[in-house]
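Inside the fold
Residues per chain are reported as follows:
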Amino acid sequence: MRIRLGCRFRFDLPQPTPMIALLNVHFSRVSDLEHPDHLVVSPSVPVSAYRDGFGNWCTRFTAQPGELVLSTETVIADRGMPDAAPPEICNDRVETLPDDVIVFLIGSRYCETDMLSDTAWGLFEKTRPGRERVQAICDYVHGHIRFDYLAARASRSAAQAHAEGVGVCRDYAHLAIAFCRCMNIPARYCTGYLGDIGMPPPYPPGDFAAWMEVWLDGSWWTFDPRNNMPRIGRVLVARGRDAADVPLVHSFGANTLTGFDVWCDQIG
């Protein structure tokens, strides 16, 4: 299938403001794009780009005072199949993990393994290692957190989400990631596009989504504790240890978000 996707951010800036944007489709999907998803900065300013330590494409610029619009759009080819499922039984011992996977086993800014370890082992110790254990974690998080867009808070951590029992997709992902790491399962945070392809209406307004990838049987596999089911048309933008590594737009100065649009629609 073909999916039209893109986003548009509008900001009001009181002064010249350095910014970094992570809004381009992840390099692992670039070959599926019908045309490059160039980031358009309006008013135009000089931009540069680099790859961060996780391989994400980052665009760097200094925006001028006044209204700023950031936008990108493209069409991507997608296999049109639900998220793949890992083998049922997997048991990757910590001592056999690849060196570059270990970082996703350690606590991070929003995933406090030290605060949640006892809870995790109490809840999931008796589950079978591998896909069954990860799914048990997703089932628990999906049922424990009540989704409330109005309750979104950028500073909420996994431990706070567990205590408060409310949040948005990033909170589901953070809590599931923290529980996985507590159970010695490497897990990383992902953000990207996820439309409503294959889902019954009504459809909510477009937004970016957050999910996780876990290391099982020598590979990374997608799990989505917010939706808790395989979905069609998921398009990765960036991944890291948690949301602190992959802000869609990072501003080094005061700003007011005045508009935000995201679309991810099947067109053929």
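The present account deals with the structure reproduced in this document. (Residues numbered from 1 in each chain as written. Predicted model: local features only at pLDDT ≥ 70, side-chain atom pairs only at ≥ 80, totals over all residues. Heavy atoms only, no water.)

With that out of the way, let us pick up the sheet that holds strand β6 (residues 66–77). Sheet strands associate in pairs through backbone hydrogen bonding, adopting either a parallel or an antiparallel arrangement. Strand order in this open sheet of 4 strands is β3-β6-β1-β14, and the pairing throughout is antiparallel. The open sheet has two free edges, formed respectively by β3 (40–42) and β14 (256–266), since each of these has just one partner strand. Neighbouring strand axes in the sheet, compared pairwise and without regard to direction, differ in orientation by 10° on average. Note: β3 against β6, 3 bridges, orientation antiparallel. Its bridge partner being in β6, Val41 is matched across the sheet by Leu70. (Pairing = 2+ DSSP bridges. Helix = DSSP H or I, 4+ residues; strand = E, 2+ residues; numbered from the N terminus. Axes fitted to C-alpha atoms, helices over the stretch in contact; angles between N-to-C directions.)

This part covers the side chain of Thr17. Along the chain, Thr17 falls in strand β2 (residues 17–21). By relative accessible area, Thr17 is classed as buried at 0%. The contact partners of Thr17, leaving out residues within four places of it in the chain, are Phe61, Thr62, Ala63, Ser251, Phe252, Gly253 and Ala254. (Buried < 20%, exposed > 50% of the residue type's maximum accessible area, 1.4 Å probe, protein only. Contact = heavy atoms within 4.5 Å.)

It is worth spelling out the packing of helix α1 (residues 113–124) against helix α4 (residues 169–182) at this point. Orientation of α1 relative to α4, taken along the N-to-C sense of each, is 75°, at an axis distance of 8 Å. The angle between α1 and α4 falls in the class roughly perpendicular. Touching Thr113, Leu116, Ser117, Thr119, Ala120, Trp121, Leu123 and Phe124 of α1 are Leu175, Ala178, Phe179, Arg181 and Cys182, all from α4. Tallied by class, residues from the contact of α1 with α4 come to 9 nonpolar, 3 polar and 1 charged. (Parallel < 35°, antiparallel > 145°, perpendicular 65-115°, else oblique. Nonpolar A, V, L, I, M, F, W, Y, C, P; charged D, E, K, R; others polar.)

Counting 69 residues, the largest nonpolar core has Phe61, Leu68, Val134, Tyr193, Phe208, Met212 and Val214 as the members making the most contacts within it. Sort the elements by how many residues they give to this core and α4 lands first, with 10 residues. When sequence neighbours within four positions are dropped, the list of residues in contact with Phe208 reads Cys7, Phe9, Leu23, Cys169, Thr191, Gly192, Tyr193, Val237, Leu248, Phe260 and Val262. (Core = buried A, V, L, I, M, F, W, Y, C linked by side-chain atoms within 4.5 Å.)

Inspection of every chain in the model, using the stated rule, returns 12 aromatic pairs. Relative to Phe260, the ring of Phe9 has its centre 4.8 Å away and its plane inclined at 45°; by these criteria the two rings are tilted. With Phe9 in strand β1 (residues 2–13) and Phe260 in strand β14, this pair connects stretches of sequence that are 251 residues apart. Assessed through its relative accessible area of 26%, Phe260 is described here as partly exposed. Note on Tyr140 and Phe179: the rings are 6.0 Å apart at their centroids and 65° apart in plane angle, and the pair reads as edge-to-face. (Phe/Tyr/Trp six-rings, centres within 6.5 Å; stacked < 30°, edge-to-face > 60°.)

Here we come to the layout of surface pockets. Taken as a whole, the largest pocket encloses approximately 1,600 Å³ of empty space. Around the largest pocket, the lining comprises 50 residues; the ones closest to its centre are Tyr149, Cys169, Asp207, Phe208 and Phe260. Looking at the lining of the largest pocket, the elements that each hand over two or more residues are β1, α4, β9 (187–193), β10 (208–216), β13 (249–251) and β14. If one sorts the elements of the lining of the largest pocket by residue count, β14 sits on top with 7 residues. Looking at the lining of the largest pocket, its residues break down into 33 nonpolar, 8 polar and 9 charged. Estimated volume of the second largest pocket: approximately 390 Å³. Taken together, 20 residues line the second largest pocket, and the ones lying closest to its centre are Arg29, Asp83, Glu213, Thr222 and Arg234. (1 Å grid on protein atoms, 1.4 Å probe; cavity = no way out; pocket = protein on both sides within 12 Å on 5 of 7 lines; lining within 4 Å. Points joined across faces, edges and corners; volume = space filled by probe spheres on them.)

Right, let's talk about the environment of Asp207 for a bit. Considering the arrangement of structural elements, one finds Asp207 in the loop between β9 and β10. Here Asp207 falls in the partly exposed class, since its relative accessible area comes to 28%. Taking the C-alpha atoms as reference points, Asp207 and Gly192, separated by 15 residues in sequence, lie 9.1 Å from one another. The residues touching Asp207, leaving out its near neighbours within four places in the chain, are Tyr149, Phe260 and Val262.

Let's shift gears to the environment of Gln266. Inspection of the secondary structure assignment puts Gln266 in strand β14. Distance from Gln266 to Gly80, taken between C-alpha atoms, is 9.7 Å for residues 186 residues apart in sequence. Those residues in contact with Gln266 that lie beyond four places of it in its chain are Met1, Arg2, Ile3 and Ile197.

To continue, consider the sheet that holds β9. If you trace the 4 strands from one edge of the open sheet to the other, you get β11-β10-β9-β12, paired in antiparallel fashion. The open sheet has two free edges, formed respectively by β11 (219–223) and β12 (235–240), since each of these has just one partner strand. Within the sheet, the average angular offset between the axes of one strand and its neighbour, ignoring direction, is 35°. Of the strand pairs in this sheet, β9 and β10 are connected by 7 bridges, and their pairing is antiparallel. Residue pairing for β10: Gly192 is matched across the bridge by Ala209. The sheet strands contacting helix α2 (residues 131–144) are β10 and β11, and the helix crosses β10 at an angle near 155°. Contacting β9 and β10, α4 runs over the sheet at an angle of about 15° to β10.

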